[in-house]
Amino acid sequence: MTRQQLHIALRTALLSRDVRQIRILLATYGLPAFSGAVADCSPRTAADALSLLSSDDRHAVLCHLPRAMCEQLRPLGIALPPAKPMRHLSWSLLAWRDTSAHVRS
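The rules behind these values
- Residues numbered from 1 in each chain as written.
- Predicted model: local features only at pLDDT ≥ 70, side-chain atom pairs only at ≥ 80, totals over all residues.
- Heavy atoms only, no water.
- Helix = DSSP H or I, 4+ residues; strand = E, 2+ residues; numbered from the N terminus.
- Buried < 20%, exposed > 50% of the residue type's maximum accessible area, 1.4 Å probe, protein only.
- Contact = heavy atoms within 4.5 Å.
- Axes fitted to C-alpha atoms, helices over the stretch in contact; angles between N-to-C directions.
- Parallel < 35°, antiparallel > 145°, perpendicular 65-115°, else oblique.
- Nonpolar A, V, L, I, M, F, W, Y, C, P; charged D, E, K, R; others polar.
- Salt bridge = Lys/Arg side-chain N within 4 Å of Asp/Glu carboxyl O.
- 1 Å grid on protein atoms, 1.4 Å probe; cavity = no way out; pocket = protein on both sides within 12 Å on 5 of 7 lines; lining within 4 Å.
- Points joined across faces, edges and corners; volume = space filled by probe spheres on them.

J.: Please set out the overall build of the chain residue by residue, giving values where relevant.
T.: Within the chain one finds seven helices and zero strands. Relative to its full complement of 105 residues, the chain shows a buried share of 27%. Long-range contacts, defined here as pairs at least 24 residues apart, represent 63% of the contacts in the chain between residues at least 6 apart.

Have a look at this one:
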């Protein structure tokens, strides 16, 4: 199935509100192809398609969408969850150095 055919199949499933068919399309054609079909949709249609997916599938598709599409989806309530904060190393660990090399010389 070409990208355009997948896009048409996705829109058909959305028009009939067939959640099962949308999930089957994702499972059958894979994340990159499905994300490409979603990216070809208008932001409102893409938000509708993503809202019918499970949270894990929605997150995976959002990670494969172009940044511009993700920015257009943000006002519609579809966004990636905020990144978890990185744990910072303490200064004592950063200042630590291997002194055994200096002792041997």
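What follows continues from the structure just given.
J.: With reference to specific residues and values, describe the packing of helix H1 (residues 3-15) against helix H3 (residues 43-51).
T.: Running from N to C, H1 and H3 cross one another at 70°; their axes reach a closest spacing of 11 Å. The orientation of H1 with respect to H3, classified from their angle, is roughly perpendicular. Residues Leu10, Arg11 and Leu14 of H1 touch H3, and the partners they reach there are Thr45, Asp48 and Ala49. Here the residues of the contact of H1 with H3 are counted per class, giving three nonpolar, one polar and two charged.

J.: Give me the lowdown on the pattern of salt bridges, citing residues and values where you can.
T.: Applying the stated criterion across every chain, the model contains three salt bridges. For Asp48, the salt bridge identified is with Arg17, shortest N-O distance 2.7 Å. Linking Asp48 in helix H3 with Arg17 in the loop between H1 and helix H2 (19-39), this pair joins segments that are 31 residues apart in sequence. We note a salt bridge from Arg74 to Glu71, for which the minimum N-O separation is 3.4 Å.

J.: I'd like a rundown of unusual backbone geometry, residues and numbers included.
T.: In the Ramachandran plot, Arg17 falls in the positive-phi region, its phi being about 55° despite a non-glycine side chain. A relative accessible area of 45% places Arg17 in the partly exposed class.

J.: If you had to explain the layout of surface pockets to someone new, which residues and values would you point to?
T.: It is a probe the size of a water molecule, rolled over the atoms, that shows where empty space is left. The calculated volume of the largest pocket comes to roughly 180 Å³. Lining the largest pocket are Leu62, Cys63, Leu65, Arg67, Cys70, Glu71, Arg74, Ile78, Ala79 and Leu80. The set of elements that each furnish at least two residues to the lining of the largest pocket consists of helix H4 (55-64) and helix H5 (67-73). For the lining of the largest pocket, the element with the highest residue contribution is H5, accounting for three residues.

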